[in-house]
Amino acid sequence: MIFHPEQDDFFRLICRKTGKPEKTCAYEDLTEKAKMEFDYLLDRAERSIHPILKSRYYHVLWKCPSKLKRKDFAQKAISNYFATIDVYLNILKTGIQEEILSLVGENFGHLNTLVMEVNEPREELNLLFRDLLWNHINIPFYEKDHLVSLTLKHPKLFDKESLNTAFQVYEQEFFKNFKKNDAFLIIHEYIPNALNLAKRLKINPKKWFDLLGNFHYESALQDTDPTRSWIRLDNIRQARLNFKRAKNEEKLALVETLYEESRLKVDLPSTLIQLTREKHKHLFEFRDQKIEAAKELVRTKDADFNYTRLISGIDFPSAKPFDEEDNKYIPDFFRGTRTIFFDITNNTSEGDEEIEKNVIKLDFYKLELDFNTNPFLEVLYTEGVRSSQLTADNLLNFLRDRTWLGQPYYILDQEQNQHALSWLSLLEPSLREFYSQLELKADNQEHRLNFILCLDSIVPKFEGLLRYFLQQCGKTVSVTIANRVEQMTLNKMLESEGFTSLFNRDDQMLFQYLFGGAGGLDIRNNIAHSFYHSHHYNLKKMLLVIGALLRLSKYRLRENEKTS
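Residues numbered from 1 in each chain as written. Predicted model: local features only at pLDDT ≥ 70, side-chain atom pairs only at ≥ 80, totals over all residues. Heavy atoms only, no water.

Let's hear about the overall build of the protein chain: which residues, and what values?
Looking only at helices and strands, one finds 23 helices and six strands in the protein chain. Its C-alpha atoms give the protein chain a radius of gyration of 32 Å, clearly above 24 Å, the size a compact globule of 564 residues would have. Each principal axis of the C-alpha atoms in the protein chain carries an extent, and together these give about 90 × 70 × 65 Å. Across the 564 residues of the protein chain, 46% fall into the buried class. Nonlocal contacts in the protein chain, meaning residues at least 24 apart in sequence, comprise 66% of its contacts between residues at least 6 apart. When the accessible area of the protein chain is evaluated, it comes to approximately 30,200 Å², of which 51% is carbon and sulfur surface. Mean positive and mean negative side-chain charge positions of the protein chain (78 and 83 charges, respectively) differ by 2 Å. (Helix = DSSP H or I, 4+ residues; strand = E, 2+ residues; numbered from the N terminus. Rg over C-alpha atoms; globule rule 2.2 N^0.38 Å. Buried < 20%, exposed > 50% of the residue type's maximum accessible area, 1.4 Å probe, protein only. Contact = heavy atoms within 4.5 Å. Areas by Shrake-Rupley, 256 points an atom, 1.4 Å probe, with all protein chains shown as cover. Lys, Arg positive; Asp, Glu negative; His and termini not counted. Charge placed at Lys NZ, Arg CZ, Asp CG, Glu CD.)

In structure tokens form, the structure reads like this:
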């Protein structure tokens, strides 16, 4: 059995009462085989002579179930880890040996963890740490950095003198020895550790930010491979960010210009996912059934029935399978890598695990929308308009008579006079233009559909509708920023407690896909800032936005109550 004291939460000994490992289990409750295992560990710990063995055996004993382990197991493991490191340091006096260096770091990490767990005195640990950093010429800088990384996992164990000693190691390496090789480690490991130490010691970090900016800048200049243009742009972004932190205005102006020039030249690689009827017969058969269902709905049902069906959301993907599988979206081997995201204008940002998971989840959601939902909606509306079963008038009448969108709302002018207004008057121009485009296409197949007016008009109204709905349900739609209060953006509303408490998960996912920024289409932001070009205004987006409008309309203006 392989047991790693840093990765495994406890040493698994089988409990006789439950037939499985338990975190809490007394000796008399172990199976006979488990008792033999524990007795063997204890005997080996006590009889072993070499500290390397004694430290490991006592550490494993300390990780046994709670009624078996004793504090003295940890204390004996600690004393033997100190002795083990001394053994390795004596070996290093003969010269640098990579394997021995690795073992020094490994044992030092175990030592830190144990001292933290049992709250042992820390003076000896601090003395060892300072000694390792300053008094051993055969410990190279990269291994000293590794030791610092281990201490930063448990920074409370180390006093100011120790942290300052560590910081001086970095000062000497970069500002006296002028270290420049290993640029990748410098950017992603060494300087971040130095910045962490500077923060803890309350030392001005400007020169470290400036140094980090220079390394990113140099990396960008050296990277001339066109296929790596996206990596080059991200290095320029990070140089820009760090020069700003360092308040280096001259370098900042230089990289800002370089960033704008490089952004326009980025060539992002893409991967084509090809589905064919031969290889994916069942997928195409299901889609064919959806399309036939849309035609049947137009032939046999009236407009109100079809709008009610769209409101129910049964023809849209369910959020459940995507949420249940979200822990599988990022493979274990992929964790720890750094992900760079590009928006519609090629501006870059760095993700974290939650953002990456959301982006991948919405990518899968998009696949199902594109393959199943959009073909269904396109046939339903084009066939419905061609047969005059679906019209602008019957949609507006449906919204007026069946949903809260048809209810008037009231505002007060500066003279405190009350005025009755209607959301439908704001939505009507877009909806009529949408049906007009489909009617023109039905009459003339050469007509080029144009949804610029439709989307430019309806998308900002969706933000207003959502804000109004949340307000009417007593939810907060404003945020405090610095010394002012302002209205939430659409993205912020989609992340708010009010939104998640009032809307079901299927609707949340559709709205987040259409209007959210982390993996979503971010339609509102792209329209408001004129990032869209004519080809972005397509039927697919318009159908989904109308679908979202209908889904929003099904809720009642009462707190926490929803109806389909």
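Text resumes after the structure shown.
A description of the nonpolar core should follow, citing residues and the corresponding values.
Core analysis: the largest hydrophobic core is formed by 77 residues, its most contacted members being Y381, F434, F503 and L550. Setting aside chain neighbours within four positions, we find L550 in contact with Y307, L310, I311, Y381, L395, F398 and L399. Counting residues in hydrophobic clusters, the runner-up holds 69 residues, among them L41, F129, F141 and F167. (Core = buried A, V, L, I, M, F, W, Y, C linked by side-chain atoms within 4.5 Å.)

I'd like to hear about the pattern of salt bridges, residue by residue, with values.
Considering all chains together, one arrives at 36 salt bridges under this definition. When the shortest N-O distance is used, the salt bridge between D315 and K290 registers 2.8 Å. Taken as a pair, D315 in the loop between α13 (303-312) and α14 (319-324) and K290 in helix α12 (residues 281-300) lie far apart in primary sequence, 25 residues in all. With respect to burial, D315 and K290 carry one shared label: buried. Residues joined by salt bridges that share partners form a network here, namely R16, K17 and D29. (Salt bridge = Lys/Arg side-chain N within 4 Å of Asp/Glu carboxyl O.)

A description of the packing of helix α5 (residues 123-134) against helix α6 (residues 141-151) should follow, citing residues and the corresponding values.
Relative orientation of the contacting elements α5 and α6 amounts to 155 degrees, with a least axis distance of 10 Å. Relative to α6, the element α5 lies roughly antiparallel. Considering the relative orientation of α5 and α6, their crossing is left-handed. Residues F129, L132 and L133 of α5 pack against K144, L147, V148 and T151 of α6. Along the lines of polarity and charge, the residues of the contact of α5 with α6 split into five nonpolar, one polar and one charged. (Axes fitted to C-alpha atoms, helices over the stretch in contact; angles between N-to-C directions. Parallel < 35°, antiparallel > 145°, perpendicular 65-115°, else oblique. Left-handed = near helix turned anticlockwise from the far one by under 90°. Nonpolar A, V, L, I, M, F, W, Y, C, P; charged D, E, K, R; others polar.)

Break down unusual backbone geometry for me, citing the residues and quoting the values.
The phi dihedral of K202 falls on the positive side, at around 60 degrees, and the residue is not glycine. We note that S530 has phi near 55 degrees; this positive angle belongs to a residue other than glycine. Structurally, S530 is set in the loop between α22 (523-528) and α23 (539-553). For S530, a relative accessible area of 60% puts it in the exposed group.

An account of a nonpolar patch on the surface is needed here, citing residue identities and associated values.
A cluster of nonpolar residues, I273, L275, L283, F364 and L367, forms a patch on the protein surface that exposes about 430 Å² of accessible area. The residue L283 is located in helix α12 in this model. (Patch = residues over 30% accessible without salt bridge, like charges linked within 9 Å, V, L, I, M, F, W, Y side chains within 5 Å.)

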